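In case you want the letters, here they are:
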Amino acid sequence: MADENEKAKIGAATEAEAETETRTGSPAYEKQPQPQHYDALVAASSAFSAQNSPNKPVFKQECPFSFATQFNPDGLYLNLATLQGYGKNFVGIDHDRTGNLMYVQLQNVIEQKLVEIPEDEQPSPFEQYFVKKNEEGKEIMYRPVTKIHGTNTLIMYPHLNEGVRFALNANSGEIDSEYELPETMLQVLKDLFGRFEAENRRREMERLQIQKQLEAQRANAGQYQKKAAPVSKFAKDLVQLDNGVKISSQPTTWKCADSGLTENLWLNLSTGYIGSGRPQWDGSGGTGAALRHYEDTGRQYPLCVKLGTITQSASGMPMAEVYSYDNTEDCMVTDPYIEKHLDHFGLKLEDLEKTEKTLEEQEGALIDRYIYSEILMDGDASGETKLEPYYAGGNIGLVNMGNTCYQNSVLQVLLSLEDFQRRYYYGTNDNVREQRYNSFRSAPIEPYSSLTMQMIKLAAAISDPEALGVKFDASKTSTEENEKENKEVETDESGLKVIGHDHRVAVAPRMLREAACSLHYDYMGNEQQDCVEYFRFMINKFVETDGMRPDSPGFDFAHVVEERLFDQQSQQVKYKYTPSSVLQLVVPIHKATNLKEVNAFKQRDKSKEDPKNKPRAVLPNIPFQECLKHSLGMDPNAQQTIVDYISPVTGERGIATQTVQLSTFPKYLCVQLRRFIMDEKTYQPVKTVCEVEVPRILDLQQYRGKGPQEHEVIIQERNEEETAEKELPAAKKAMVEQLMMMGFPEDECKEAALACNNVDAAMNWLFDPSTRVDGSNSPVIRTSTLV
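Because the structure is a prediction, the values reported are computed rather than measured. (Residues numbered from 1 in each chain as written. Predicted model: local features only at pLDDT ≥ 70, side-chain atom pairs only at ≥ 80, totals over all residues. Heavy atoms only, no water.)

1. Some remarks on the overall build of the protein chain
The condition is simple: Note on conventions: DSSP H or I runs of at least 4 residues are helices, E runs of at least 2 residues are strands, and numbering of each starts at the N terminus. Note on exposure labels: buried denotes an accessible area under 20% of the residue type's maximum, exposed denotes more than 50%, and partly exposed covers the range between, all computed with a 1.4 Å probe on protein chains only. Contacts are residue-level and defined by heavy atoms, with any inter-residue pair within 4.5 Å sufficient. Only the protein chains shown count as cover for residues, and the accessible areas themselves come from Shrake-Rupley with a 1.4 Å probe.
From N to C terminus, the protein chain includes 23 helices and 27 strands. Residue burial in the protein chain is summarised as follows: out of 787 residues, 43% are buried. For the protein chain, the share of sequence-separated contacts (at least 6 apart) that also reach a separation of at least 24 residues comes to 66%. Entry remark: accessible area of the protein chain is about 42,400 Å², with carbon and sulfur atoms responsible for 50%.

Below is the structure:
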């Protein structure tokens, strides 16, 4: 599928284009018969008086109770009083809530087709086009063309199937309509088009503001910055064999010496060997012949250039994609002597043109190519397989809106739980449907901004699409069979869409994201974020929204962690209780049950392996019970030893031990396996690749905290604070000042200075909860990030 960022841009452009071309011109439609209720419509139009403020926004992107848009067969019905758009199935509910009679039906129709490219026209390498053989077997090039036709119809409730169509005349700026309308209504409709334009500008400004904020965050973080390819150390004195190899400048003569492939070809700049690139995840890309040639020749000739990317800029500068296979580089590199190296094999720079995408361009286009493969081949990209997906109630997917898979996964998990299903009316029985519609009837004035309404809407679309008008036969898994019986499946009033070449049915929860994350730039953007942090964010949102509502599922994950600190110098203890919604467990790699097999796999002789049939990686297998033992309870493996601990009782340095147990247990236990560890050499987080099998039945009774015991002496909090303030030496004060300059709060800086011996260790303490000596389990937030 195309990247959601590009889809958003295209969608905004096409919507604006539709309104410009079809809603701002003279009506191009044939005149329909006069509505039977025309007189009543005119009377209602005369009596209508818009009470909207000039700055009131228009909500016409999506129905707040379903996923219907202007692109559905019946479009959206825009309430002229509230300026909120509703799907046809929910206009009655809106009328009951507002008493409004006058609506404008907004409809868009997409026309998609493949247009033949003339033989004398060469498409740009960046243009999306396709090649298909005609009846004579001749290859013809096609490009996809999309046009959008929009219509507007003035409707009076309850007569939703007929009305008076109208458009804004681009020349006169006045309203043209099929039949005469009152002057007051014409002015309302003219004002409506002005609001459309203002709303488009407002949304564009919001999009640019979010984009600006994200770019600023990237710049501050120093990441996501594209770096120029380094100059290869082999380029200046590159060895080029005098083996008589000469290569034609005609791309049609290029092919892989190993497989005969004619795409994704790489020319070895030392030997003149042409081989295909490495295979991609989908089976495309090549056979890896270029890399094997490098290995077969003793790893002596590392530089390769991708044929088809070689060209000359307007200024005469050579441009090409060069890769170095040498393990000290192993990346894209720059070859300043590329013209000389090409000339050695008879390739003249001025004779070459760019005919293939670079790797960076391929990454963005790889999935796009599959969208249209169904049009051309009626199957998968190879033309050999016809996919048969399964879709029905409970099997509706969520569209990835950029890199929002982390949001979709959280929402899908939550809606699989009984309490969330009960709260948001997930299901198909009549009682659930009645409760769902009652909630819509009693929805807030602005239901699009209500998290509860948007969760109910999502639960309905996923669990009960038939209630929204979609008819599925769950006994049939073939898309073709379902479509024969239900032609409207691709464009149903509910807003469910068929996407991709395999006809998956999915919805995009954009309105839910706006309701929950409108003030959170990270989650409103299209960047990948931490799934656990988003889970905590949503749980807090549910609690905040429901308050003390008895059936609120937001408290289902809440539990209390008991942290016990034992001071060996004073033989006293300190207990701390921290509420949490996620239980974090360490992953002890050294406890893998297959360490011998893992080590044997790492030490294998890779030179004897078949590059086309590499063995499956052997990953460490860690029992889940070992993760528990090394994270919770009184087991020595789970205890953290603090060597340089300052006793708040004696004021001297010594040893303390810290243990963590569960004081309370939640209804649903959410576990995070902390597979990221700190590399001791680079001080960078490293992900441990392993397998952890979770048992279906889990007994956590042995990890229940027992609280203070009768024989224990509790450390007094005031003694700890007084001692910490009194025992802060000059060196520690200097550490505190350095940490505060980085933006950390003063109190946390003092704790970090007391717990660590240098600034680097103190920073690690502040960022990494696993290094804490005070029992805190959350990273410290720098104050500068809150400004």
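2. Focus: the sheet that holds strand β18 (residues 559-567)
Short version of the rule: Strand pairing is assigned whenever DSSP detects at least two bridges linking the two strands. In this description, a line fitted to the C-alpha atoms serves as the axis of each element, helices being fitted only across the stretch in contact, and the angle between N-to-C directions of two axes falls anywhere from 0 to 180 degrees.
Read across the open sheet, the four strands follow the order β19-β18-β23-β22; overall the sheet is antiparallel. The open sheet is flanked by β19 (572-580) and β22 (640-646), the only strands paired with a single partner. Between one strand and the next, the sheet's axes are offset by a mean angle of 30°, whatever the strand orientation. Relative to strand β23 (residues 653-662), β18 runs antiparallel, the two being bridged by seven bridges. In the sheet register, Glu563 faces β23, and the bridge partner there is Val660.

3. Observations concerning the nonpolar core
What counts is decided by this rule: Among buried residues, the Ala, Val, Leu, Ile, Met, Phe, Trp, Tyr and Cys ones that are joined through side-chain atoms within 4.5 Å form a nonpolar core.
Counting residues in hydrophobic clusters, the biggest one holds 46 residues, and the most contacted among them are Phe65, Leu458 and Phe542. Contributing elements (two or more residues each) for this core: α10 (405-414), α12 (430-441), α13 (451-463), α15 (510-517), α16 (521-524) and α17 (531-546). Among the elements that take part in this core, α13 stands out by supplying eight residues, more than any other. Leave out the neighbours within four places in its chain, and Phe542 touches Leu414, Phe420, Tyr424, Leu451, Met455, Ser552 and Gly554. In terms of nonpolar packing, the next biggest core, distinct from the first, is built from 26 residues, Tyr38, Leu80, Met185 and Leu189 among them.

4. Describing the confidence of the model for the protein chain
Rules: The pLDDT score gives, residue by residue, the confidence of the prediction method on a 0 to 100 scale.
With 77% of its residues at a pLDDT of 70 or more, the protein chain has an overall mean of 78. Ignoring residues within four places in sequence, the model shows residues 364-389, a span with pLDDT below 50, making 52 contacts including any to other chains. Counting contacts from residues 471-494, a segment whose pLDDT is below 50, to residues more than four positions away or on other chains yields 59 contacts.

5. Here's the deal with unusual backbone geometry
Of note, the bond from Tyr157 into Pro158 is cis; its omega dihedral lies within 30 degrees of zero at 10°. Examined against the element boundaries, Pro158 turns out to sit in the loop between β5 (139-156) and β6 (159-168). With a phi angle near 60°, Leu83 is a residue other than glycine that sits in the positive phi range. Tracing the sequence through the fold places Leu83 in the loop between β1 (76-79) and β2 (85-86). Phi angles above zero are rare outside glycine, and Arg299 is one such case at about 55°. You can see Arg299 is positioned in the loop between α5 (289-296) and β10 (303-306).

6. A look at the sheet that holds strand β9 (residues 274-276)
One open sheet accounts for five strands, arranged β9-β8-β10-β13-β14; its pairing is antiparallel. Each edge of the open sheet is held by one strand with a lone partner, namely β9 and β14 (331-333). Each strand of the sheet is rotated relative to its neighbour by a mean of 40°, with strand direction disregarded. Here β10 runs beside strand β13 (residues 322-324); their pairing, made up of three bridges, is antiparallel. Counterpart to Cys304 in the pairing with β13 is Tyr323.

7. A look at the packing of aromatic side chains
Stated precisely, the cut-off is as follows: Side-chain rings of Phe, Tyr and Trp (the six-membered ring for Trp) are treated as a pair once their centres are within 6.5 Å; stacked means planes under 30 degrees apart, edge-to-face means over 60, and tilted covers the remaining angles. Geometrically, a charge over a ring is one whose NZ (Lys) or CZ (Arg) sits within 6 Å of the ring centre while staying within 35 degrees of the ring normal.
Scanning all chains against the criterion turns up 24 aromatic pairs. Aromatic side chains Tyr406 and Tyr534 sit 5.4 Å apart centroid to centroid with 85° between the ring planes, which places their arrangement in the edge-to-face category. With Tyr406 in helix α10 and Tyr534 in helix α17, the pair connects residues that are 128 residues apart, well separated along the chain. Note on accessibility: Tyr406 and Tyr534 belong to one class, buried. Between the aromatic rings of Phe420 and Tyr424, the centroid separation amounts to 6.4 Å while the plane-to-plane angle is 35°, which identifies the pairing as tilted. Classification of Phe420 as buried rests on a relative accessible area of 0%. Of the aromatic side chains, those joined through ring pairs into one cluster are Phe420, Tyr424, Phe535, Phe542, Phe557 and Tyr668. Residue placement shows Lys60 over the ring face of Phe196; its charged tip is 5.0 Å from the ring centre. The ring of Phe601 is capped by Arg604, whose NZ or CZ atom sits 3.8 Å from the centre of that ring.

8. Regarding the pattern of salt bridges
Filter applied, for reference: Salt bridges are defined as contacts in which a side-chain nitrogen from Lys or Arg sits within 4 Å of a carboxyl oxygen from Asp or Glu.
Under the criterion given, the structure shown has 18 salt bridges. Taken together, the salt bridges that share partners define one network made up of Glu418, Asp419, Arg422 and Lys667.

9. Considering the pairing of β19
Across nine bridges, β18 lies against β19 in antiparallel orientation. Pairing of Arg564 across the sheet is with Tyr575, part of β19. Where β18 folds back on β19, the antiparallel hairpin that results is connected by four residues, among which Gln571 adopts a positive phi of roughly 60°.

10. A word on α15
Extensive coverage of α15 is indicated by the burial of six of its eight residues. Of the positions making up α15, those classed as buried are Met511, Leu512, Arg513, Ala515, Ala516 and Cys517. In this structure, the buried side of α15 is in contact with α10, α13, α16 and α17.

11. A few points about the packing of helix α21 (residues 730-741) against helix α22 (residues 746-755)
Heads up, the rule is: Each angle receives one of four descriptions, namely roughly parallel if under 35 degrees, roughly antiparallel if over 145, roughly perpendicular if within 65 to 115, and oblique otherwise. Take the far helix as the reference: if the near one is turned anticlockwise from it by less than a right angle, the crossing is left-handed, and if turned clockwise, right-handed.
Relative to each other, α21 and α22 sit at 135°, their axes nearing to 9 Å. Relative to α22, the element α21 lies oblique. For the pair α21 and α22, the sense of crossing is right-handed. On α22, the residues touching Lys732, Met735, Val736, Leu739 and Met740 of α21 are Glu746, Cys749, Lys750, Ala752, Ala753 and Leu754.

12. Structural notes on a nonpolar patch on the surface
Using the following cut-off: Each patch is built from residues that are more than 30% exposed by relative accessible area and take part in no salt bridge. Like charges join if they lie within 9 Å; nonpolar side chains (Val, Leu, Ile, Met, Phe, Trp, Tyr) join within 5 Å.
A surface patch of nonpolar side chains, about 180 Å² in accessible area, is lined by Leu669, Val671 and Leu698. Classification of Leu698 by relative accessible area gives partly exposed; the value is 32%.

13. Let's talk about the side chain of Asn264
The line we're drawing: Any pair of N or O atoms that falls within 3.5 Å is considered a polar contact. Within protein, one atom must be able to donate a hydrogen and the other to accept it, and sequence-neighbouring residues count only if both atoms are side-chain atoms.
Within the fold, Asn264 resides in the loop between α4 (183-221) and β8 (265-268). Among the residues examined, Asn264 registers a relative accessible area of 7% and is labelled buried. Within the structure, Asn264 has its side chain in polar contact with the side chain of Trp266 (distance 3.1 Å). Filtering out sequence-adjacent residues up to four positions away, Asn264 remains in contact with Gly275, Ser276, Gly277, Arg278, Gly285, Gly286, Lys306 and Glu356.

14. Some details on the environment of Asp191
Position of Asp191 among the secondary structure elements: in helix α4. In this structure the C-alpha to C-alpha distance between Asp191 and Ala50, which are 141 residues apart in sequence, comes to 10.0 Å.

15. Things to note about the side chain of Thr69
Take Thr69: it is sitting in the loop between α2 (38-47) and β1. For Thr69, the contacting residues outside a window of four places in its chain are Gln61, Glu62, Gly75 and Leu76.

16. A few points about the pairing of β5
Inspection of the sheet shows strand β3 (residues 102-116) paired to β5 by 15 bridges, in the antiparallel sense. The residue of β5 that forms the bridge with Leu114 is Pro144. Bridge analysis of β5 against β6 gives four bridges, and the strand direction is antiparallel. Paired with Leu154 across the bridge in β6 is Val164. Between the end of β5 and the start of β6, which pair antiparallel, lie two residues.

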